Amino acid sequence: MKPNQMRTLGVILSAVLLMLTVACGSSGSKKQEPAGESTPASTTETKTEEGDAVSEPKIVLGFAQVGAESGWRTANTKSIQDSAKEAGIELKFSDAQQKQENQIKAIRSFIQQKVDVIAFSPVVESGWDTVLKEAKDAGIPVILTDRSVDTADTSLYQSFIGSDFVEEGRSAGKWLVDTFKDATEQVNIVELEGTTGSAPANDRKAGFNEIIVQNPNLKVIASQTGDFTRAKGKEVMQSFLKAHKDIDVLYAHNDDMALGAIQAIEAAGLVPGKDIIIISVDGVHDGFVAASEGKINFIVECNPLLGPQLMQAVRDIYEGKEVPKRIVTKEGVFTSEDAKRELPNRQY
Ligand code: AHR
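Since we're looking at a predicted model, the values are computed, not measured.

J.: Can you help me understand the sheet that holds strand β3 (residues 60-65) in this one?
T.: Strand pairing within a sheet occurs via backbone hydrogen bonds; the two strands may be parallel or antiparallel. The six strands lie next to each other as β4-β3-β5-β6-β7-β13, forming an open sheet whose pairing is parallel. Each edge of the sheet is formed by a strand with only one pairing partner; in this case those strands are β4 (90-95) and β13 (326-328). Averaged over all pairs of adjacent strands, the angle between their axes in this sheet comes to 15°, without regard to strand direction. Judged from the three bridges that link them, strand β7 (residues 159-162) and β13 form a sheet pairing that is parallel. When the bridges of β13 are listed, Phe160 appears paired with Arg326. Of the strands in this sheet, β3, β5 (117-120), β6 (142-145), β7 and β13 are in contact with helix α10 (residues 307-318), which crosses β6 at around 165°.

J.: Quick question: what am I supposed to make of the packing of helix α2 (residues 71-87) against α10 here?
T.: For any two helices packed against each other, one specifies the crossing angle of their axes together with the interaxial distance. Here α2 crosses α10 at 45°, and the two axes come no closer than 8 Å. Here α2 lies oblique to α10, going by the angle between them. You can see that α2 and α10 cross each other, and the crossing is right-handed. Together, Ser79, Ile80, Ser83, Ala84 and Ala87 of α2 and Gly307, Pro308, Leu310, Met311 and Arg315 of α10 make up the contact between the two elements.

J.: Help me understand empty space enclosed by the protein in this model?
T.: Empty space among the atoms can be located by rolling a probe the size of a water molecule over them. As enumerated under the stated definition, the model contains one cavity of 30 Å³ or more in all. Here the largest cavity defines a volume of roughly 90 Å³. What lines the largest cavity is a set of 13 residues, and nearest its centre among them are Trp72, Arg73, Arg147, Arg204 and Phe228. Among the elements of the structure, α2 and α6 (199-212) are those that each provide at least two residues to the lining of the largest cavity. In terms of residue class, the lining of the largest cavity is made up of five nonpolar, two polar and six charged.

J.: Where do I start with the side chain of Asn76 in this structure?
T.: Topologically, Asn76 is positioned in helix α2. In this structure Asn76 comes out as buried when scored by relative accessible area, which is 0%. Reaching out from Asn76, the side chain makes a polar contact with the backbone oxygen of Pro304 at a distance of 2.9 Å. Ignoring any residue separated from it by four or fewer positions in sequence, one finds Asn76 in contact with Gln65, Pro304 and Leu306.

J.: Just to check I follow, could you spell out α6 for this structure?
T.: Helical geometry note: an α-helix holds 3.6 residues per turn, so side chains three or four residues apart project in the same direction. An ideal rise of 1.5 Å per residue puts 20 Å on 14 residues; α6 measures up with 20 Å between its terminal C-alpha atoms. By the burial criterion, the buried members of α6 are Ala199, Pro200, Ala201, Arg204, Gly207, Phe208, Ile211 and Ile212. Close packing links the buried residues of α6 with α5 (165-179), β8 (187-193), β9 (218-225), β10 (249-252) and β11 (277-282).

J.: What is the right way to look at the packing of helix α7 (residues 230-243) against helix α8 (residues 255-267) in this model?
T.: Where α7 meets α8, the closest approach of the two axes is 7 Å, and the angle between their N-to-C directions is 45°. As summarised for this structure, α7 and α8 are arranged oblique, according to the angle between their axes. Both α7 and α8 take part in a crossing whose hand is right-handed. The segment α7 lies against α8, with Arg230, Gly233, Lys234, Met237, Gln238 and Leu241 engaging Asp256, Met257, Leu259, Gly260, Ala261, Gln263, Ala264 and Ile265. Taken together, the residues that form the contact of α7 with α8 break down as seven nonpolar, four polar and three charged.

Cut-offs applied
Residues numbered from 1 in each chain as written. Predicted model: local features only at pLDDT ≥ 70, side-chain atom pairs only at ≥ 80, totals over all residues. Heavy atoms only, no water. Pairing = 2+ DSSP bridges. Helix = DSSP H or I, 4+ residues; strand = E, 2+ residues; numbered from the N terminus. Axes fitted to C-alpha atoms, helices over the stretch in contact; angles between N-to-C directions. Contact = heavy atoms within 4.5 Å. Parallel < 35°, antiparallel > 145°, perpendicular 65-115°, else oblique. Left-handed = near helix turned anticlockwise from the far one by under 90°. 1 Å grid on protein atoms, 1.4 Å probe; cavity = no way out; pocket = protein on both sides within 12 Å on 5 of 7 lines; lining within 4 Å. Points joined across faces, edges and corners; volume = space filled by probe spheres on them. Nonpolar A, V, L, I, M, F, W, Y, C, P; charged D, E, K, R; others polar. Buried < 20%, exposed > 50% of the residue type's maximum accessible area, 1.4 Å probe, protein only. Polar contact = N/O pair within 3.5 Å; in protein donor to acceptor, adjacent residues only side chain to side chain. Expected span 1.5 Å × (residues − 1).

Now the structure itself:
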């Protein structure tokens, strides 16, 4: 073989060797996913300052929802799912069916999956320290949405985004005090409480009681949980109506229970909104319809559209920015007249 033929062969052999090395190297460094785990995180496309498109791994958010107990919850879930999609955040969603143990299981599974951020709406206020500490030890930040926890260690979560439930209870109480300011006899109130031990049930009750003491004629004669559902609201109202012939006011901690109670009141031959004055909390579409028909007299709004604020907080925390420890949702109050006017503009 001539020297120039030898050189050509050498060049070809080196090129083949280099190709083999690159191929082996790349397959050798590829991250192997353990069996049974999810596929590698998807990516999202962002632009550099110069306008070049770059592909980055998506932020992964694990969200443990309370359940699907009410119209409010349905609107809240949709807001979170839509906003995650819009923000390019990968959402791992779990529905706890109103059970704390399911939420704890979901949070532990998010920790195992090494999500970037965990958010959840705690079904009840107490009993979260252990699992929150596990998330903290794993270096995964936690955001509370809608409902809070009663831990003494506030370093266990980064931020709490949601309504001021005590203020909602106060708003309900203020309207009642004003409506019955001229009452000379006892006004009998029955109360449908939310899920026992939940922040909205505890706080809406506390805020309401704090205000109605201003008028000694206002008396809560019966109070029981309706678990924030329409079916339970109806059932408990039926038993209230059986036990008390002289109910003047119903205070329901949410629209769904008020709507169930309205069925019971009508079945008992009474006129909701007239024979029994009704106050509820939320302001979902069906609640607004009942208010515009005069069946609910006063609604204190509780805004479920927390998705956009949550996604902003997730991104900020992921990027190491400061987020406020408490983000309070703005909301209003509506009489039947307001509801009639506002109904076409309601988003949920
Ligand atoms: O935590 C918010 C409350 O939960 C809403 O008022 C109620 O409808 C829901 O189930």
